[in-house]
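What follows is the residue order along each chain.
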Amino acid sequence: MISPQRLELPWQEPHALVRQLAHAYGEQGLIWLDGDGSSLGRWATLAVAPEEIICCRGLPGEQGASNPFEALRGLSPGHWCGWLSYEAAAWVEPNNPWASDGMATLWIARHDPVLRFDLQQRKLWIEATSSAALDNLIQQLATSAQHPKGESASIPLTAWHHHTPQQQYAAGVQRIRDLIAAGDLFQANLTACCSTAWPEGSSVMELFLTLREACPAPFAGLIISDQNEALLSSSPERFLQVSAEGAVQTRPIKGTRPRHGDAEADANLAAELVCSDKDRAENVMIVDLLRNDLGRACQPGSIQVPQLVGLESYASVHHLTSVVEGQLQAGLSWVDLLEACWPGGSISGAPKLRACQRLHELEPTSRGPYCGSLLRIDWDGSFDSNILIRSLLRQGDTLRAHAGCGIVADSDPLGEAEELMWKLQPLLEALA
């Protein structure tokens with residue numbers, strides 16, 4: 001645990017400061033934990049020029065591969081931020097089949113100092129472990145001019161290649177329905193990917209600024225690695241939060257409807273979602289799965305569900321969200337909890353390992369950081385993470401977008417394919 005020095009600065013918007021810092025230090029190693037100003041998205045964190053970087057790649061048995069969970073256990077005290085990929089599950093359950101992805105399984109960096117924003121109170125602080133680090137950043141901010149908007153090329157909707165066409169996705173939904181009818185599964189989250197060439201000369205940071213303006217979310221974030229990879233997320237879903245005292249929370253999302261520009265039509269869509277037996281059943285099923293996962297690392301009897309199937313509305317969609325809480329067992333850490341719950345239940349299925357096996361058979365592309373988590377360890381050792389949905393992935397010269405739907409016994413194949421586009425379209429349209 002570290003108690004950093006803290007100095008309040010005159011208020012500036014995060015988007016103004018991030019351009020200034022990226023101009024001064026470059027984009028590599030930049031992290032931005034963003035929020036939407038709501039109660040869940042009140043705080044934002046911005047940092048550049050990491051002091052330390054840890055990167056893991058590969059799956060068990062591959063040459064040069066390393067275990068990301070062991071790397072996380074070895075982190076030194078400090079402020080860390082990075083991503084953990086969906087396929088990190090291969091280190092938890094090596095007997096299940098997992099697809100290899102080109103992006104890092106774990107990329108995480110320690111920053112000192114960091115900038116902390118209270119988006120509701122419009123307050124800004126520098127946090128650092130030394131006066132020298134505070135002074136250096138203050139001097140840099142004072143001497144670097146405001147930087148104008150950089151290049152963020154538009155990407156036409158026609159430029160995206162869909163690796164799973166709509167009819168193929170619908171056929172995958174029907175396959176999962178057949179498996180459910182046969183007693184093989186109860187639920188599975190089937191995903192699809194589209195990709196395009198990275199727009200030459202574009203700034204990752206400017207692309208994220210475009211995305212956050214169109215799709216604000218409470219658990220959004222940007223990470224630009226030092227390895228020509230980047231994560232741009234507008235996720236509305238918390239995965240695991242663990243306080244310094246061991247209080248645990250997860251907020252699974254299941255059930256989606258699009259927003260509508262007409263207020264009455266929008267309210268009708270929200271009401272339809274709340275009254276949907278299918279969506280409520282899907283949400284409750286994942287709550288049960290997560291209660292079981294949390295029970296592997298939380299104190300017996302501590303797990304509670306203060307919110308079951310509540311409506312939450314965002315810029316482009318309505319969601320059903322539940323809240324599950326617990327208390328970490330003495331002697332266990334947030335890494336133990338993360339490993340016990342990986343991958344997240346809301347983006348895999350039930351039973352989890354069987355669902356992951358069937359999804360591996362049906363999905364033509366690996367997921368990588370998508371359906372993984374953006375991780376943050378604060379100075380006091382507390383931990384927070386999202387589920388990386390509504391996210392874009394840059395890997396070298398390629399930009400990827402993924403989306404998925406939870407499939408249950410009464411899912412309509414064409415309806416699920418349509419829902420998939422509700423989730424993808426706001427991301428793609430924001431960049432167009």
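Everything discussed here concerns the structure shown above.
Described in the following lines is the structure provided in the data block. (Residues numbered from 1 in each chain as written. Predicted model: local features only at pLDDT ≥ 70, side-chain atom pairs only at ≥ 80, totals over all residues. Heavy atoms only, no water.)

## Overview of the pattern of salt bridges
Basically, it comes down to this: Here, a salt bridge means any side-chain nitrogen of Lys or Arg that lies within 4 Å of a carboxyl oxygen of Asp or Glu. Secondary structure elements follow DSSP: runs of H or I of four or more residues count as helices, runs of E of two or more count as strands, with numbering from the N terminus. For the exposure calls, accessible area comes from a 1.4 Å probe over protein chains only, and a residue counts as buried if that area is under 20% of its type's maximum, exposed if over 50%, partly exposed in between.
All chains considered together, the criterion is met by 30 salt bridges. For Asp118, the salt bridge goes to Arg42, with nearest N and O atoms at 2.7 Å. Of this pair, Asp118 sits in strand E7 (residues 114–118) while Arg42 sits in the loop between strand E2 (31–34) and strand E3 (43–47), placing them 76 residues apart in sequence. What makes Asp118 buried here is its relative accessible area of 2%. Ionic pairing is found between Arg358 and Glu361, a salt bridge with its closest N-O pair at 3.0 Å. Of the two residues, Arg358 and Glu361 are both situated in helix H9 (residues 352–362); the distance of three residues between them amounts to about one turn of the helix. When its relative accessible area of 46% is taken as the criterion, Glu361 is described as partly exposed. In this structure, a network of salt bridges that share partners links the residues Lys254, Arg257, Glu272, Lys278, Asp279, Glu282 and Glu416.

## Topic: the nonpolar core
Note the threshold: The criterion is simple. A nonpolar core is a set of buried Ala, Val, Leu, Ile, Met, Phe, Trp, Tyr and Cys residues joined through side-chain atoms within 4.5 Å.
Ranked by internal contacts, the top residues of the largest apolar core, which has 60 residues, are Leu72, Leu106, Leu294, Trp334, Leu337, Leu338 and Trp342. Among the elements that take part in this core, helix H8 (residues 334–341) stands out by supplying five residues, more than any other. In this structure, Ala128, Ile155, Trp198 and Leu420 belong to the second largest nonpolar core, which totals 58 residues.

## As for the environment of Gly58
Here is the rule we go by: We call two residues in contact whenever any of their non-hydrogen atoms come within 4.5 Å of each other.
With respect to the helices, strands and loops of the structure, Gly58 is situated in the loop between strand E4 (52–56) and helix H2 (68–73). Each C-alpha atom, one on Gly58 and one on Gln174, is 32 Å from the other, the two residues being 116 residues apart in sequence. The residues touching Gly58, leaving out its near neighbours within four places in the chain, are Ala65, Trp91 and Thr105.

## Considerations on the packing of helix H4 (residues 166–181) against helix H10 (residues 413–431)
Rules: To get an axis, fit a line to the C-alpha atoms, keeping to the stretch in contact for a helix; angles then go from 0 to 180 degrees between the N-to-C directions. Here is the rule for angles: anything less than 35 degrees is roughly parallel, anything more than 145 is roughly antiparallel, 65 through 115 is roughly perpendicular, and the remaining ranges are oblique. A crossing counts as left-handed when the near helix is turned anticlockwise from the far one by less than a right angle, and as right-handed when that turn is clockwise. In this count, Pro and Cys sit with the nonpolar residues alongside Ala, Val, Leu, Ile, Met, Phe, Trp and Tyr, while Asp, Glu, Lys and Arg are called charged and the others, Gly among them, polar.
Two elements in contact, H4 and H10, have axes separated by 8 Å at closest approach and are oriented at 125°. Taken together, H4 and H10 sit at an angle that is classed as oblique. Note that H4 runs across H10; the crossing there is right-handed. Judged by residue contacts, Gln166, Gln167, Tyr169, Ala170, Val173, Gln174 and Arg177 of H4 engage Pro413, Leu414, Glu416, Ala417, Glu418 and Leu420 from H10. Residue classes in the contact of H4 with H10 are distributed as seven nonpolar, three polar and three charged.

## Considering the environment of Trp83
Tracing the backbone shows Trp83 in strand E5 (residues 79–84). Residue classification places Trp83 among the buried residues on the basis of a relative accessible area of 0%. For the pair Trp83 and Leu72, spaced 11 residues apart in the sequence, the C-alpha separation amounts to 11 Å.

## Some remarks on unusual backbone geometry
Put simply, Trp342 and Pro343 share a cis peptide bond, and its omega is -10°. Relative to the helices and strands, Pro343 is located in the loop between H8 and strand E18 (349–350). Note the cis peptide between Ala350 and Pro351, where omega equals -10°. Phi angles above zero are rare outside glycine, and Arg122 is one such case at about 55°. Locating Arg122 in the fold gives a position in the loop between E7 and strand E8 (123–128). Overall, Arg122 belongs to the partly exposed group, its relative accessible area being 46%. Even without a glycine there, the phi angle at Cys371 is positive, about 70°. By secondary structure assignment, the location of Cys371 is in the loop between H9 and strand E19 (373–377).

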